[in-house]
Amino acid sequence: MSEVRVRIAPSPSGNLHVGTARTALFNYLFAKKNNGKFVLRIEDTDAERTSQEYIDNIFDSLKALGLNWDEGPDVGGPYGPYTQSQRFDIYPKYAQMLLDKGFAYECFCTPEELEAEKELATQNKKPYVYSKKCENLTEAEKEKLRAEGRKPAIRFNIAKAQKAFHDSTILKFDDLVKGELHMDTALLGDFVIMKSNGTPTYNFAVVIDDMLMKISHVIRGEDHISNTFKQILIFEALGAEVPRFGHLGMILAPDRSKLSKRHGATAVSEFVEKGYLTDALINFVALLGWSPSDGKEIKTVDEIAQDFRINDVSSSNSIFEYDKLNWMNSHYIKMLPIEELKERLKPYLTKYNLNELTDAQYTRMVEITREPLTLLSDITDAVPYFFGEDVEVEPKVQAEILDTEVAQNVLKEFVKQSKDWSFDEETLHEKLEAFRAQFKELGIKPKVTMWAVRAAVTGRTCGADMTAILAILGKEKSLRRIESAIKQPV
RNA sequence: GCUCCCAUCGUCUAGAGGCCUAGGACAACACCCUUUCACGGUGUAGACGGGGAUUCGAAUUCCCCUGGGAGUACCA
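If you're wondering where the values come from, they're calculated on a predicted model, not measured in any experiment.

Chemist: I'd like a description of the overall build of chain A, backed by residues and values.
Modeler: Tallying secondary structure elements over chain A gives 20 helices and eleven strands in all. For chain A, the C-alpha radius of gyration of 32 Å lies well beyond 23 Å, the compact-globule estimate for 490 residues. Taken along its principal axes, the extent of the C-alpha atoms in chain A is 110 × 45 × 40 Å. Considering chain A as a whole, with its 490 residues, one finds that 50% of them fall into the buried category. Residue pairs at least 24 apart in sequence account for 76% of intrachain contacts in chain A once pairs closer than 6 positions are excluded. Of the accessible surface of chain A, which amounts to about 23,900 Å², a share of 50% is contributed by carbon and sulfur atoms. When the 64 positive and 75 negative side-chain charges of chain A are each reduced to one mean point, those points stand 3 Å apart.

Chemist: Explain the packing of helix H10 (residues 278-286) against helix H12 (residues 322-335) to me, using residue names and the numbers behind them.
Modeler: Where H10 meets H12, the closest approach of the two axes is 9 Å, and the angle between their N-to-C directions is 140 degrees. When the axes of H10 and H12 are compared, the pair comes out oblique. As for how H10 packs across H12, the hand of that crossing is right-handed. Within the contact between the two elements, H10 uses Asp279, Ala280, Leu281, Asn283 and Phe284 and H12 uses Lys324, Leu325, Met328, Asn329 and Tyr332.

Chemist: If you had to explain helix H8 (residues 225-237) to someone new, which residues and values would you point to?
Modeler: One turn of the α-helix equals 3.6 residues, which is why residues spaced by three or four share an orientation. Helix length check: H8, at 13 residues, gives a terminal C-alpha distance of 19 Å against a target of 18 Å (1.5 Å per residue), a fit within 8%. Of the residues making up H8, those classed as buried are Ile225, Asn227, Thr228, Phe229, Lys230, Gln231, Ile232, Leu233, Ile234, Phe235, Glu236 and Ala237. Positive backbone phi, at 75 degrees, marks Gly239, one or two positions downstream of H8.

Chemist: Give me the lowdown on the nonpolar core, citing residues and values where you can.
Modeler: Phe320, Met365 and Phe414 are the most contacted members of the largest nonpolar core, which has 107 residues in total. Apart from the residues within four sequence positions on either side, Phe320 is in contact with Val18, Ile251, Leu252, Pro254, Leu259, Phe271, Phe284, Val285, Leu288 and Leu325.

Chemist: Requested: an account of the packing of helix H7 (residues 202-212) against H8, with residues and values cited.
Modeler: Packed helix pairs are characterised by how far apart their axes lie and by the angle those axes make with each other. Contact pair H7 / H8: the axes reach a minimum separation of 10 Å and the direction vectors enclose 55 degrees. Classified by the interaxial angle, the pair formed by H7 and H8 is oblique. For the element pair H7 and H8, the recorded crossing hand is right-handed. Judged by residue contacts, Tyr202, Asn203, Phe204, Val206, Val207, Asp210 and Met211 of H7 engage Asn227, Lys230, Gln231, Ile234 and Phe235 from H8. Of the residues in the contact of H7 with H8, the class split is seven nonpolar, three polar and two charged.

Chemist: Kindly report on the packing of aromatic side chains, identifying the contributing residues and their values.
Modeler: Ring pairs (aromatic) are described by centroid distance and by the angle formed between their planes. Counted by the stated rule, this structure contains 19 aromatic pairs. Seen from their ring centres, Phe435 and Phe439 are 5.1 Å apart, and the 65 degrees between their planes marks the pair as edge-to-face. Taken together, the positions of Phe435 and Phe439, both in helix H18 (residues 425-441) and four residues apart, correspond to about one turn of that helix. Its relative accessible area of 5% is what places Phe439 among the buried residues. The rings of Phe271, Tyr276, Phe284, Phe320 and Tyr322 are connected pair by pair, giving a single aromatic cluster. If you follow Arg155 out to its NZ or CZ, it ends over the ring of Tyr130, 3.7 Å from the centre. Sitting over the ring of Phe191, Lys230 keeps its end group 5.1 Å from the ring centre.

Chemist: Outline the pattern of salt bridges, supporting the account with residue identities and numerical values.
Modeler: If you walk through the whole model with that rule in mind, you get 35 salt bridges. Between Glu113 and Lys133 there is a salt bridge, with its nearest N and O atoms 3.4 Å apart. Taken as a pair, Glu113 in helix H4 (residues 111-123) and Lys133 in the loop between H4 and helix H5 (139-147) lie far apart in primary sequence, 20 residues in all. Residue class for Lys133 comes out partly exposed when judged on its relative accessible area of 42%. Salt bridges sharing partners connect three or more residues here, namely Arg7, Arg41, Glu43, Arg87, Asp209 and Asp210.

Chemist: Got a sec to walk through the protein's contact with RNA strand B? Specific residues and values, please.
Modeler: Near RNA strand B there are 61 residues, and of these Lys195, Leu287, Gly289, Glu297 and Gly463 occur at the shortest range. The sugar-phosphate share of atoms of RNA strand B within 4 Å of the protein amounts to 74%. The contact in question runs from a base oxygen of RNA strand B to an N or O atom on the backbone of Ser196, over 2.8 Å. Within the side chain of Glu297, an N or O atom sits 2.6 Å from a sugar or linking oxygen of RNA strand B. It is helix H19 (residues 446-458) that contributes the most residues to the surface near RNA strand B, five residues altogether.

The rules behind these values
- Residues numbered from 1 in each chain as written.
- Chains lettered and ligands numbered in written order.
- Predicted model: local features only at pLDDT ≥ 70, side-chain atom pairs only at ≥ 80, totals over all residues.
- Heavy atoms only, no water.
- Helix = DSSP H or I, 4+ residues; strand = E, 2+ residues; numbered from the N terminus.
- Rg over C-alpha atoms; globule rule 2.2 N^0.38 Å.
- Buried < 20%, exposed > 50% of the residue type's maximum accessible area, 1.4 Å probe, protein only.
- Contact = heavy atoms within 4.5 Å.
- Areas by Shrake-Rupley, 256 points an atom, 1.4 Å probe, with all protein chains shown as cover.
- Lys, Arg positive; Asp, Glu negative; His and termini not counted.
- Charge placed at Lys NZ, Arg CZ, Asp CG, Glu CD.
- Axes fitted to C-alpha atoms, helices over the stretch in contact; angles between N-to-C directions.
- Parallel < 35°, antiparallel > 145°, perpendicular 65-115°, else oblique.
- Left-handed = near helix turned anticlockwise from the far one by under 90°.
- Expected span 1.5 Å × (residues − 1).
- Core = buried A, V, L, I, M, F, W, Y, C linked by side-chain atoms within 4.5 Å.
- Nonpolar A, V, L, I, M, F, W, Y, C, P; charged D, E, K, R; others polar.
- Phe/Tyr/Trp six-rings, centres within 6.5 Å; stacked < 30°, edge-to-face > 60°.
- Lys NZ or Arg CZ within 6 Å of the ring centre and 35° of its normal.
- Salt bridge = Lys/Arg side-chain N within 4 Å of Asp/Glu carboxyl O.
- Near = heavy atom within 4 Å.
- Polar contact = N/O pair within 3.5 Å; in protein donor to acceptor, adjacent residues only side chain to side chain.

Spatial relationships are all this shows, so hold off on functional conclusions.
Right, here's the structure in full:
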């Protein structure tokens, strides 16, 4: 077999969507597994919806996910340019070739005429197919229309191509993931390949680009299945080799509709902003439609590539549920080396003055607060009590903990006993253990004892390891907070 | 409307005729651990959409129904 070459061809009309990311991933995996090339092509034929900002977002997101391309707009390659808008001069040649071979014809129909045809079809409850009324225009007729100032579009002649290459109007192909797929080409209708403004339509541009870029396998979403039949016919009419196709199920929102903004984040960059790790995201998305042969679900992209077989990919749609993604993200956060975690958390700590802590204290703070994090951004609300002189005590905590007699006794006792403690973790651990034991003798549960201390120092009833918190804050600050929580006898 | 695709626990899935009284993961619940929250550990509950057919035997094959998704542009 010739070289495996796959591509991802996003259109920059928005930020990189997670669905596109998954398609990119599966292409990448397929390329890696088969020692092939992974190509990035930007399909920006529709100038109005395209923006440089989106192009940058696509590049950045793909890179962040670790899906590096071998050829693309920025890195170049032997079959460039890799941006469709820079290839506009090459499409007309091939359109002309199709015209010459009789597989395409000029169409002078106006939008109004076309609209009327469609209207009629819906009225008669018939499926709309183009009437082909421009198929057999004479040169004289065309000249006349041209003289009127009408610019023709070019349509592909389905029936001609079908008859030239197939016995039946039923066209079949063997899909890499779904198996044999078929379609009656008689139902397709002669579609436009070159718009009257001289730019190619999607279905034409893809074929020309895939052909010229020597793409061997086209792996994409199943929303392209019906396009595939059109594209196969174009490949054949051009005398080009038809690539193999593989169509992936769609990613759906929990309500089974298309994943869109109203369901939350859809772009990879939005997930990153929310505090998701790209490693977790890509791992999660890989599991949508694919499962590891050894049952181990936490895997790097390279590990997945070793185990990847395109025909093992599920052909059904899958629902994007946050539960598992969240679990995976917290898992990846736990796995992150401490130094890296410290850096990645900083963007979410801008409201605090990190200079209040030494590097060692910051390290310890991260160590003891990382456990319950689901998102990196969760750190923001997990650490306010490490900063500032005083703490904000939640009203409920004030009423239910600090205002109780038990708590007041605990705190008074704590102040008294801790006067001569050294506030390093080791000492604190020992002393606190003994401290709890004293109160236990009095019938006060260890956790009640600690609640009092925790409430006074952090203003909360839950949080990180109390010993470490006291050590980080230091004796002076800890005691000041506790003293101010003690009600003076009136 | 027409065409195409899909169908196993709530979700992602394993399963390619007997290994399935259907396995795993997430979520849920219970218990254990414990200075709180969590982590972790151990358990519990939970599915082959329905109906036919083939077969000694079907989650696995075929047909119908139902449900869901997609396509139907001079968008991509």
